[in-house]
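Architecture and fold: a report
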Amino acid sequence: MSTWLGIDIGTTAAKAAVIRSTYRKVQLVGLASVEVQEAGAPGAAIAAAVRLALGSAGSADAVATSVEGGRATVRTIGLPESAQKQVGEVLPFELESALPFDLSEAVFDYRVLSGLKEVKGEELSVLVGVAKTEDVVSRIELVKGAIATEPERVGVGAFPIANLLPFMPVLADGVVAVVDIGTASSDVLIMKNGEPLFARTVGIGTKGLPSTAAKLARELRTTLASHRAQGGEAPSRIFLCGGGAYVSGAEAFLSAALEAPVEVLGLPALEASSLSPEATAMPGRFAKAIGLALGLGPRAMGLNLRKGQLAFERGFAWVKEKVPLLMGLAAVIVVSFLFSAWAQLHARSKEKALLETALATVTKDVLGEETSDPARASELLSQQTAISDEDPLPHADAFDVMVKLSELIPPSMTHDIEELDIQKQHVIVHGIVGTIADAQAIQASVAAERCFSDSKIARITAQVGTTAQKYQLEFDIKCPEDVRGGAKKPAAVSSASIAPTDAGGK
């Protein structure tokens, strides 16, 4: 939350406006006006107006004020389009020949207007406000001496009123003119579609009225004609603000003299609370002060003469003022961090409990033992899936089969092997024996071997031209160690591991 203070210092009165900005809204907190004659001096009037405007707000985070339009020069400078990125560097050379005083004794600010001009070499229109450094410093010191706070923004003439645009849509409707009528002078600001284009100060105000009314109207007509002479459009509506806006008959007189609708500027569309009856009765009197306060926000529309050597720098005192706020923000951040850490730990503990419950259920259904300990579950799983990882090969191969068959056939038996086929641990033996009984004896010996299983004689046929018998024997190679979960294979394996070491066979 920020509190902005705008101070409009006139010839006869000092006016103050306080704006409070929060994340979602901008609120008009207070308005006050104090006559200089009643206070005795401009500084005393400023201090009194600020105290009344701030009320219970206490103090402001930032302060803005302005210099009179008569103490500044506003010009529109044409620059080539190629200078768009170096406007601030090119402008001093263009201004030096157009000012009646040395630029080293002045400060300036500018706005690049939208759209391109048709004049070759002057495609860019730059609106520039220039004032003597001593006048700006004098205004800064006046405010600083009155309220002990240095303004960080110094506007020019009626330009601060442009900051009301976001809250007063009527000012952004086509071409409009705002006339700030003071006691000794009047400031004119012309805007088009929400953009300030032209400004001029007229040296006539409410002093001398009604005898000077015709002269004031003539000067305003001349100002509007000057704007049209520069290629501008005539305003469709004219708004009055300042103390002179409430002079009896001012609206009707100026409307007839300027041939355009004239009305008094009201309060902007801001949330307002605790406004004084004076502010409610004459809201247009505080238009400039409110615009100065709004200019301290992020989207200022006017000009700021605190540039160059007069640029505002926040000191250590401002940091000290913000220490309580910074400490509060730090406390909020710490509490938020701790709460976030606790929430994450709580969520993780909940998740852990759910996972342990699920693990206990799964281990009971699958492994036969209920446990929520991951280490124990891993141990049970390894027991279920244990298999020798020393050697991926089977415990008996084709060579072992040939050796074992040779051992199983007695030396007294006549036997020949025509073909030995081993595919995926399935063995097919095509052999020749003397009798059917010999083939059956070989099948019985194979069936008794620990690494041979499912042995059978597929067929026996007589050999043509002899009394010998041809047979086909089939069996599978599967040692107990090859079964999942079985005993591990010894380090060295030979044919002796799958059968007795009897020698024999043919």
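Please read these numbers as outputs of a predicted model, since none were measured by experiment.

**Section: the overall build of the protein chain**
Counting its regular elements, the protein chain contains twelve helices and 18 strands. Taken across its 506 residues, the protein chain has 40% of its residues classed as buried. Counting every atom, the protein chain has about 26900 Å² of accessible surface; 54% of that belongs to carbon and sulfur.

**So, the packing of helix α2 (residues 42–54) against helix α4 (residues 133–147)**
In the contact formed by α2 and α4, the axes pass within 8 Å of each other and the chain directions differ by 60°. One finds that α2 runs oblique with respect to α4. Note on packing geometry: the crossing formed by α2 with α4 is right-handed. Contact with α2, carried on its side by Pro 42, Gly 43, Ile 46, Ala 47 and Val 50, involves Leu 142, Ala 146 and Ile 147 of α4 and no other residues of that element. Looking at side-chain class alone, the contact of α2 with α4 contains seven nonpolar, one polar and no charged residues.

**Things to note about the sheet that holds strand β14 (residues 271–272)**
An order of β8-β4-β1-β2-β3-β14 is seen for the six strands of this open sheet, with the pairing classed as mixed. Sheet topology places β8 (153–156) and β14 at the edges, where each strand pairs with a single neighbour. Relative to β8, strand β4 (residues 62–67) runs parallel, the two being bridged by four bridges. Across the sheet, the residue bridging to Val 67 is Val 156, located in β8.

**Things to note about the packing of aromatic side chains**
In this structure the tally under the stated criterion is two aromatic pairs. For the pair Phe 339 and Trp 342, a centre-to-centre distance of 6.0 Å together with 35° between the ring planes defines the contact as tilted. Taken together, the positions of Phe 339 and Trp 342, both in helix α9 (residues 316–367) and three residues apart, correspond to about one turn of that helix. For the residue pair Phe 339 and Trp 342, the accessibility class agrees, reading exposed in each case. Geometrically, the ring pair formed by Phe 452 and Phe 475 is tilted, given 4.7 Å between the ring centres and 45° between the ring planes. Of this pair, Phe 452 sits in strand β17 (residues 452–462) while Phe 475 sits in strand β18 (residues 469–477), and the two are 23 residues apart along the sequence.

**Description of the nonpolar core**
Core analysis: the largest hydrophobic core is formed by 47 residues, its most contacted members being Val 136, Leu 164, Leu 171, Leu 265 and Ile 290. At six residues, helix α8 (residues 287–294) tops the list of elements feeding residues into this core. Among residues more than four places away in sequence, those in contact with Leu 171 are Leu 164, Leu 165, Val 176, Val 178, Met 191, Gly 194, Phe 239 and Leu 265. Val 179, Ile 190, Leu 216 and Leu 220 belong to the second largest nonpolar core, which has 22 residues in total.

**So, unusual backbone geometry**
Here the residue pair Leu 209 and Pro 210 is connected by a cis peptide bond, since its omega of 5° sits within 30 degrees of zero. Secondary-structure assignment places Pro 210 in the loop between β11 (195–202) and α5 (213–229). Within the chain, Asn 193 stands out as a residue other than glycine whose phi angle is a positive 50°. Within the secondary structure, Asn 193 is located in the loop between β10 (186–192) and β11. For Asn 193, a relative accessible area of 54% gives the class exposed. In this model, Asp 454 sits at a positive phi of 55°, which is unusual for a non-glycine residue. Judged by its relative accessible area of 60%, Asp 454 is exposed.

**Points about the packing of α5 against helix α6 (residues 250–258)**
Look at α5 against α6: their axes get within 10 Å of each other, and the N-to-C directions meet at 45°. Classified by the angle between their axes, α5 and α6 sit oblique to one another. As α5 packs across α6, the resulting crossing turns out to be right-handed. Taking contact as the criterion, the partners of Ala 213, Ala 214, Ala 217, Leu 220, Arg 221 and Leu 224 in α5 are, on α6, Phe 253, Leu 254, Ala 257 and Leu 258. Among the residues forming the contact of α5 with α6, the class breakdown is nine nonpolar, no polar and one charged.

**Let's talk about the confidence of the model for the protein chain**
For the protein chain, per-residue confidence averages 84 on the pLDDT scale, and residues scoring 70 or more make up 89% of the total. Predicted confidence is poor over residues 485–506, with pLDDT under 50, and the contacts of this stretch with residues over four places away or in other chains come to 43 contacts.

**Section: the pattern of salt bridges**
Enumeration over the complete set of coordinates arrives at 16 salt bridges. Between Asp 135 and Arg 71 there is a salt bridge, and its shortest N-O distance comes to 3.3 Å. With a gap of 64 residues between them, Asp 135 in helix α4 and Arg 71 in the loop between β4 and β5 (72–79) connect regions that are remote in the sequence. Arg 71 gets classed as partly exposed once you look at its relative accessible area, which sits at 46%. Linked through salt bridges whose partners overlap, the residues forming this network are Glu 68, Arg 71, Asp 135 and Arg 139.

**Here we look at the sheet that holds strand β7 (residues 124–132)**
Taken in spatial order, the three strands line up as β5-β7-β6 in an open sheet, and their pairing is antiparallel. Every interior strand has two partners, whereas the edge strands, β5 and β6 (106–112), have only one. On average, each strand axis in the sheet is tilted by 25° relative to the strand beside it, whichever way the strands run.

**Topic: α4**
Between its terminal C-alpha atoms α4 stretches 21 Å, which fits the 21 Å expected from 15 residues at 1.5 Å a residue. Turning to α4, its buried residues number three or more, namely Thr 133, Asp 135, Val 136, Arg 139, Ile 140, Val 143 and Ile 147. Backbone geometry just downstream of α4 places Ala 148 in the positive-phi region, at approximately 60°.

**Structural notes on the side chain of Arg 306**
By the secondary structure assignment, Arg 306 is in the loop between α8 and α9. Within the local environment of Arg 306, its side chain forms a polar contact with the backbone oxygen of Pro 151, the two atoms lying 2.4 Å apart. Excluding residues that lie within four positions of it along the chain, Arg 306 makes contacts with Ile 140, Glu 150, Pro 151, Glu 152, Arg 153, Val 154, Ala 311 and Phe 312.

**Quick word on the pairing of β10**
Counting buried residues along β10, six of its seven residues qualify, which places the element largely inside the surrounding structure. In this sheet, β10 lies alongside strand β9 (residues 175–181) in antiparallel orientation, the contact comprising seven bridges. Note that in β10 the partner of Val 175 across the bridge is Lys 192. Linking β9 back to β10 in an antiparallel pair, the connection comprises four residues. Relative to β11, β10 runs antiparallel, the two sharing seven bridges. Across the sheet, Leu 189 pairs through a bridge with Ala 199, a residue of β11. Joining the antiparallel neighbours β10 and β11 is a turn of two residues, in which Asn 193 adopts a positive phi near 50°.

Rules used in this analysis
Residues numbered from 1 in each chain as written. Predicted model: local features only at pLDDT ≥ 70, side-chain atom pairs only at ≥ 80, totals over all residues. Heavy atoms only, no water. Helix = DSSP H or I, 4+ residues; strand = E, 2+ residues; numbered from the N terminus. Buried < 20%, exposed > 50% of the residue type's maximum accessible area, 1.4 Å probe, protein only. Areas by Shrake-Rupley, 256 points an atom, 1.4 Å probe, with all protein chains shown as cover. Axes fitted to C-alpha atoms, helices over the stretch in contact; angles between N-to-C directions. Parallel < 35°, antiparallel > 145°, perpendicular 65-115°, else oblique. Left-handed = near helix turned anticlockwise from the far one by under 90°. Contact = heavy atoms within 4.5 Å. Nonpolar A, V, L, I, M, F, W, Y, C, P; charged D, E, K, R; others polar. Pairing = 2+ DSSP bridges. Phe/Tyr/Trp six-rings, centres within 6.5 Å; stacked < 30°, edge-to-face > 60°. Core = buried A, V, L, I, M, F, W, Y, C linked by side-chain atoms within 4.5 Å. pLDDT = per-residue confidence, 0-100. Salt bridge = Lys/Arg side-chain N within 4 Å of Asp/Glu carboxyl O. Expected span 1.5 Å × (residues − 1). Polar contact = N/O pair within 3.5 Å; in protein donor to acceptor, adjacent residues only side chain to side chain.

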